[in-house]
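Coordinate analysis (summary)
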Amino acid sequence: ATNDPSPLRRSGRERKKPTSEYDQELAAIAKKKESKRATENVSSDDSAEDEEILNLDSDIESDSADAEDDDSEDEEQSHDGKKSKSKKGKRASSKSPPKKGRKIQVKTGGAKKGTTVAKAPRGRKKPTKALNDLSKAVLDKSEDPKTSLVAALLASSKPIPGINSVNYTNSRNSKEQDSPYTPQLMGIARYLLKNHESNSLHIELLNLLFRSVGGSVDTNLKAETDLEELNDEEWDGLVTDVVNVMRESDVDCLLSATPEEKVGVQEYRRIYKEFWYRLGNAILTHSQQQMSFDEMESEEESDKPQPFSSSLFQVEMMNNLVTRITELVQVGQPDLRYGATAAIWELACACMERSVELEQKIQVATRQYKAAKGQKKKLDGIKLSMDSWKRHKAELEEIVQTAVFQGVFINRYRDSNPYLRICSMEFLSRLTLLRPDLFLENKFLKYFGWMASDKEPAVRVAALEGLLGPFRHAKRDTANKKTSLQVNLEDMESVCLKFLTRIVDCTEDAESLEVQEVAMELLLFMLKSEMLDEWDDDDGWDQVNLKALDENTSNDVRRDALYFVFDQMDCFDAEEEGNDGKSTMSHGLGEKKQVEQVESIASWIANKLVDGPIELSSVRVERADYVIDSLRDMKEHRHLAVNWSAMLKAIRSENPQQGRNTGREEAVKQRVLLRMFAHAAAQEVSSIAPTERKGGARKRKRSSNTHPADALSAALLKNLPQLLTAYKGDVVALRSLTMLPQYLMPSVFGLPARKTEFLALIKNLNRLFQDSTDETVLQNVTTGLLTLSDGGHVRVGDVKMQIKRLSMALQDRLMELLRSTNHEETEEGTRSQSQSQKSKSSRRSRRSSASESTRSTIGTMSPEAEMENSLSLCLLRWRVLLKICPVRLLFGESYNDDDESEVEEFYNTISEAVAKRLQDRRPITKQKDEDDDDDEMETDSKTLASAWKTSDMDIHTEVGSSVNNSLQLLLSIVAWTLLEACERDSMEEDEDGSVVLRMRNRLVKLLGLCFDQYIDESDGIVYSDAQIEFANVVQSAAAKVSSDVRCLFARDWAKAGGTLKNKLAFVTDTQMIGGSVRYLHQRDDELKSDGHDEDENGNTDELVIDLIVPIARSLTANWNDGNRKEAGTLLAYIAGHTKSTGHVVQDAARMMKKINPVRYLEAQMACVRMGFNKWLDSEPEISDDPSEDEEQEFKEAAEVHGQMFHDVEQQARLLSRSLGVGKLGNENVSRALTSFMKEGVRFAFDGDDGVDDEMVLGSRFPFLLILSKYSNWAKKNKYALEDLKQFILEKEDALKSHPEFNDVHEDDLKALRTFKVSLGMEVTEVAQVVSQDDESSEDDGSAVGTPSPSKSSNASSRRRISTAGSQRSRLSTQSNLSPLEEEEGTSDDEDTSPSPSKRRRVSNSKIDEGDEESDAESEES
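Treat the numbers as computed from the prediction; the structure is a model and nothing was measured.

1. Examining the overall build of the chain
- When you go through the chain residue by residue, the secondary structure sums to 57 helices and four strands.
- Sequence separation of at least 24 residues holds for 78% of the intrachain contacts in the chain that already meet a minimum separation of 6.
- Just so you have it, the chain exposes about 66,900 Å², and 46% of that area is on carbon and sulfur atoms.

2. Here we look at the environment of Val518
- Tracing the backbone through its elements, the reader meets Val518 in helix H22 (residues 513-528).
- Spatially, the C-alpha atom of Val518 lies 6.7 Å from that of Glu465, the residues being 53 residues apart in sequence.
- Sequence-distant contacts of Val518, that is, excluding residues within four places in its chain, are made with Val461, Leu464, Glu465 and Leu468.

3. Topic: helix H28 (residues 664-686)
- Taking 1.5 Å per residue as the helical rise, H28 with its 23 residues ought to reach 33 Å, and the 33 Å between its terminal C-alpha atoms agrees with that figure.
- Counting buried positions along H28 yields 18 of 23 residues, so the element is predominantly enclosed.

4. Details of the environment of Val1077
- Within the element layout of this structure, Val1077 appears in helix H42 (residues 1070-1082).
- Distance in space between the C-alpha atoms of Val1077 and Leu1130 is 8.7 Å, their sequence separation being 53 residues.

5. Considering the nonpolar core
- In this structure, Phe275, Trp276 and Trp878 are the most contacted members of the largest nonpolar core, which totals 279 residues.
- Looking at which element gives the most residues to this core, the answer is helix H14 (residues 334-371), with 15 residues.
- If sequence neighbours within four positions are ignored, Trp878 has contacts with Ser807, Leu810, Gln811, Leu814, Leu890, Phe891, Phe906 and Leu969.
- With 72 residues, the next largest nonpolar core counts Tyr1079, Ala1127, Ile1134 and Leu1176 among its residues.

6. Focus on the packing of H14 against helix H16 (residues 418-434)
- Where H14 meets H16, the axes come as close as 10 Å, and the angle between the chain directions of the two elements is 0°. In this view, H14 runs roughly parallel relative to H16, as classed from their interaxial angle. Contacts between H14 and H16 pair Pro334, Arg337, Tyr338, Thr341, Trp345, Glu346, Ala348, Cys349, Met352, Glu353 and Val356 from the former with Leu420, Cys423, Ser424, Phe427, Arg430, Leu431 and Leu434 from the latter.

7. Some words on the packing of aromatic side chains
- The full count for this structure, using the stated rule, is 29 aromatic pairs.
- Each ring, one from Tyr413 and one from Tyr447, has its centre 4.9 Å from the other, and the planes form 70°; the classification is edge-to-face. Of this pair, Tyr413 sits in the loop between helix H15 (376-412) and H16 while Tyr447 is found in helix H18 (residues 442-451), placing the two residues 34 residues apart along the sequence. The pair formed by Tyr413 and Tyr447 is uniform in burial state, with each residue classed as buried.
- Seen in terms of ring centroids, Trp644 and Phe677 are 6.0 Å apart; in terms of plane orientation they differ by 85°. Their pairing is edge-to-face. Highlighted residues: Trp644 in helix H27 (residues 644-653) and Phe677 in helix H28, separated in sequence by 33 residues.

8. A word on the pattern of salt bridges
- A complete count under the given rule lists 56 salt bridges for this structure.
- Residues Arg1150 and Asp1147 are paired through a salt bridge, measuring 2.1 Å at the closest nitrogen-oxygen approach. Taken together, the residues span about one helical turn, with Arg1150 and Asp1147 both in helix H47 (residues 1139-1155) at a distance of three residues.
- Residue classification places Asp1147 among the partly exposed residues on the basis of a relative accessible area of 39%.
- Counted as one network, the salt bridges with shared partners bring together Glu359, Lys393, Glu397, Arg435 and Asp437.

9. Here we look at unusual backbone geometry
- The residue Glu530 is not glycine, and still its phi comes out positive at about 65°.
- Among the secondary structure elements, Glu530 is positioned in the loop between H22 and helix H23 (538-545).
- Residue Glu530 is classed as exposed on the basis of its relative accessible area of 57%.

10. A closer look at the confidence of the model for the chain
- When pLDDT is averaged along the chain, the result is 75; 71% of the residues meet or exceed 70.
- The spread of mean pLDDT over the elements of the chain runs between helix H56 (residues 1371-1376), the lowest at 31, and helix H26 (residues 624-632), the highest at 94.
- Across residues 170-176 the pLDDT falls below 50, and counting only partners more than four positions away or on other chains, this stretch makes 17 contacts in the model.
- In the model, residues 287-311 has pLDDT below 50 throughout and makes 55 contacts with residues more than four positions away in sequence or in other chains.

11. Let's talk about the side chain of Glu357
- If you trace the backbone, Glu357 turns up in helix H14.
- Judged by relative accessible area, Glu357 falls into the buried class, the value being 10%.
- One polar contact links Glu357 to Arg354, side chain to side chain, over a distance of 2.7 Å.

12. What to know about helix H53 (residues 1278-1296)
- Between its terminal C-alpha atoms H53 stretches 27 Å, which fits the 27 Å expected from 19 residues at 1.5 Å a residue.
- Looking at the buried positions of H53, the neighbouring elements they touch are helix H50 (1227-1246), helix H52 (1271-1274) and helix H54 (1306-1318).

13. Brief notes about the side chain of His1201
- Mapped onto the elements, His1201 comes out in helix H49 (residues 1188-1217).
- Side-chain polar atoms of His1201 contact the backbone oxygen of Trp1175, separated by 2.8 Å.

14. Quick look at a positive patch on the surface
- Taken together, the side chains of Lys728, Lys763, Arg767 and Arg805 define a basic patch exposed on the protein surface.
- Structurally, Arg767 can be placed in helix H32 (residues 755-771).

15. Quick look at the packing of H50 against H53
- Interaxial distance between H50 and H53 falls to 10 Å at its minimum, and their mutual angle equals 10°. By the angle between their directions, the pair H50 and H53 is classed as roughly parallel. Note on element contacts: H53 touches H50 through Ala1280, Asp1283, Leu1284, Phe1287, Ile1288, Lys1291, Glu1292 and Leu1295, opposite Thr1234, Met1237, Lys1238, Val1241, Arg1242, Phe1245 and Asp1246.
- Taken together, the residues that form the contact of H50 with H53 break down as eight nonpolar, one polar and six charged.

16. Some points on the environment of Gln779
- Looking at the element boundaries, Gln779 is found in helix H33 (residues 775-788).
- Since its relative accessible area comes to 34%, Gln779 is described here as partly exposed.
- Taking the C-alpha atoms as reference points, Gln779 and Lys883, separated by 104 residues in sequence, lie 9.2 Å from one another.
- In this structure Gln779 touches Val880 and Ile884, once residues within four positions along its chain are discounted.

About the criteria used
Residues numbered from 1 in each chain as written. Predicted model: local features only at pLDDT ≥ 70, side-chain atom pairs only at ≥ 80, totals over all residues. Heavy atoms only, no water. Helix = DSSP H or I, 4+ residues; strand = E, 2+ residues; numbered from the N terminus. Contact = heavy atoms within 4.5 Å. Areas by Shrake-Rupley, 256 points an atom, 1.4 Å probe, with all protein chains shown as cover. Expected span 1.5 Å × (residues − 1). Buried < 20%, exposed > 50% of the residue type's maximum accessible area, 1.4 Å probe, protein only. Core = buried A, V, L, I, M, F, W, Y, C linked by side-chain atoms within 4.5 Å. Axes fitted to C-alpha atoms, helices over the stretch in contact; angles between N-to-C directions. Parallel < 35°, antiparallel > 145°, perpendicular 65-115°, else oblique. Phe/Tyr/Trp six-rings, centres within 6.5 Å; stacked < 30°, edge-to-face > 60°. Salt bridge = Lys/Arg side-chain N within 4 Å of Asp/Glu carboxyl O. pLDDT = per-residue confidence, 0-100. Polar contact = N/O pair within 3.5 Å; in protein donor to acceptor, adjacent residues only side chain to side chain. Patch = residues over 30% accessible without salt bridge, like charges linked within 9 Å, V, L, I, M, F, W, Y side chains within 5 Å. Lys, Arg positive; Asp, Glu negative; His and termini not counted. Charge placed at Lys NZ, Arg CZ, Asp CG, Glu CD. Nonpolar A, V, L, I, M, F, W, Y, C, P; charged D, E, K, R; others polar.

Structure representation (structure tokens):
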């Protein structure tokens, strides 16, 4: 059935074989009728038309009889195999006349011995398997395809035993709507109509609907139910039962209003909708009665046209069915409402398709009626048929326009469920295409315009598609030259112009690119249909035109918008049509015309880019790339994107050296042309395979210019050196021009005529690199030189020589600058030393005002700052050069360990200069002298370095830039050196020393000096803004480089044995970890601010890259040996202060879980414990007799304190979800989770290991509320859960025996009880101990809120967590894991906690005198 060619294609060439004895009789009648017509004196035209209309009728009637006869034959075959064989033989020996129009082919269902069953087409195995799995999960054992429509639909992917599969082609749209399920669905529909009368048919269909949306077998209507006798109350009760079962059932729902992603459910949704459509076709073509052979013969003998087979009874059947289903479209349950609505839409479409066929019959009959003048008998027959067809057509139109549209659509197009609104828009769109004569009117089209403003993007798409459908349909009809029921686009003009403003606004839709694409395509059709000729809204035109340059839309939108732009340019008018009426593209445009078009495009782009108060340096000329991409996607204009000579002529015509003053727009136009040329070249070269690009010189030889890329290379070699010279003062233009050398094809370099041009080009690039200060230009030049040095052509040696000369020139310049800056810094230090003897007060006064005078009022820098700026720029050039170009091209031959090589000497020189600058600016720890009379210097403290006492603050900004460039430069050298060592296979050699190791150790020391610039603003020193900015710059650079160093020298190398790789393993990264995390904490407030998030392009914020990404990269690269506390600090941001922060941390969490899930679980414990301890330490305090202001401050602080606990809970919730869905896939993780829960319980009861806990008993029980977020995982392993429960009970027994048990606060016990409930444990008396006053009013433990501090002036009442002197020590945090916050001079034995050691105190009414004395001693200590 699926491989059978379309019956419409077979026509008369392949005749259908008779399938029964009845068919043989029909064939004999037809043969007799044909011979009779041959003897009649009728014109050939009349005979053809008469045969057409009679065949249309007879085919319908005979096919109906064929199908019923085949059904009966199938039943006989199942009982009598011999009889089947004999009939089969008879059918094989018979012949039947060809049939025109609709054809029905019947295939007997079921797999029988000796027959071949049609296999599922390729690509259908997955849906078929999904439907089979769905059948097993949903169907009851009593349901099978013959007794249940749901079972039949689920089995429709292949032939069903006992139900005929029918290849059905009945309408002009049937070919588009056919699916792999169509033969089976048509057979199911015919089988259903044959075996059920009206009431039972409705029962079967209602049961299908109920079962599809989630009903059960119990909710099915009984076969003996009389639907007409049901009153409203009984009907409502049936529907209510179905809805109740839907709510309680846990079985997959086959059909829901919201589409699901499961393949089986998606396929069933498709099958369900098509079944109702096929059922409608079957109702309107299936005959309930069968004419006898004698009656049919008499009809043929009388030459009277057969009437339309769809009798009044069938139209009434359709009307009754629509009315019955309509009763369910008002149900409140959306799935049930959707199922009923979708069924009505499909039935209505079937009605409209039948009305189209009737209209075609009427048109043919009308022509026959005019041609049959004088033939009264024939005229009467034709008139009788025409009257019948007109009556049935009117009845079908009445059903759709009244019962369906007015009764259903008017309410459902604004349904609360968006998918029902989408379904309604799609239905109306189908009607406008099926019957444009009825529904292509403003009273129907207005619904599309209204719904284009819907709040759901998908609904807006459906509405715009509804308006776009007629345009697409008319385009297809024009291409296919159809004449019947054509769409008249003039009917669309009124409604499209009415909603034009809304359509234009949809091109700016911020929620959906699909809305923008459909809206722009609709506008383009309107433009081509000349509907916008009278549109004089300039703002609207600009809004559409600017979409061609919009970076936040799709390529299709930009391309269609560019068509609008071209429509408004005069230079593109002549391209539309030549003198002969054909497009001039077939003749080709002249070079002058194409240059004019390129200039016009560039002028328009420049005009739009400078529209507004925008500085020339900020103009986004890269937007021109979108125009090139669009041109390459436009067949009629693609030649403009590859016409290099036209582009170069346009560029030369705008050359800035022509002696005229270029205005603002003209300057931007020059840049746009250069950008267009550069991007066009990049796109053209990228379309060439790399192998063809490298080997093209040998393959093409002398005919190289025939290739477009070769023509580009030849044009570039000739013009690029002059362009680089002409635009050397325009940085933006140079960014485009310096992109071009990397797109040159090596095939043109070997030509002798190109040698001079090639040498001039690389010399210009060399000079440009030494003079440029723009990083983008430097990167492009370096990439171009490296590309030219690796092409395998004859000029490679010249390029490498230029690179070496460039390196030598930069080395000389760098050494000169280092000598100059070192000398000036020494003199500056001498001058500042004399000023350091002044008083503390005057020194602070200068520091506070230093930030206001960082730049002089005349806007110039000091000579020292200018020199440092030159050094920074030189280091920038080196950084860019070394990041792209290998060191072997820049320095001498390889080195050995005995003597310093050229590259190592260069490395050491830079590192020493950077170290001196950092040491000169590091805060100095000063010890108090006995003769120092400064009252503020009571203890050792940090003081300002002499470098910060100068009035010239500009120099520090330049030094910070120099340090940043130097660190990345040194990192590049280390990386290249390591790579060369790996390539020489020296990583396995057992050597005592290594240049790589020496370089790395120097770099690590520099990074330590950078982290020493940390500013602790709590030390009492007033720091200038310049020093704070400097500290942030160098620490940010150090954090990034530290991450790279930890990734390059992996910890795993330590397991490599006694090789050099083992010695290079970087395991002493404690200082880097502490510095990076300390810097993160310092700028945490900035990270939380709303101003830091993804920018308008969706790029991650720079602050997130500086603070979060370095830690995440280094952790994931070494996670098998990663620092758990560092990971815990990172995971604390998983909730994300901003969207970009959350995304980075969540990605890192997925990587850590994948690499080592057990260690990831341990990091989660570190994270939640640190968050909980921070919450404990930050409890607000209040005096015993507070004022109103103090009470207000306490209230605000308490709210912040409560929010902190909520944040920790949210962290724990997200961390728990990150472990997986459903079950833990790793058995090790499952075991580790038990230890995780035990450790959390132990921490809540006992505190930190190895540390004397000074907290009040039960103070850490709120931690159990956080731990409860993991209870769902603990309960998945029942054996481990029992072990955990036993552990908790032991801890409770120990708690009960504690002498201070009666002092445990009631909120703490509530937290314990909530945790036990989350594990499914029974709540014992220990967890229910509460005060007498609160016991009677205690709520359910599951409703415990966030623990919050309570304020009281009563001595007998205690605060929730702590009082003024009750905060705990954090020694355990520092001792258990690697230190995070490291300060200069702290040792492992010192307390590095940011807050003093405090402990909780108990209320005086609950302690005796001895406890008071010990408490006093503790507070005193």
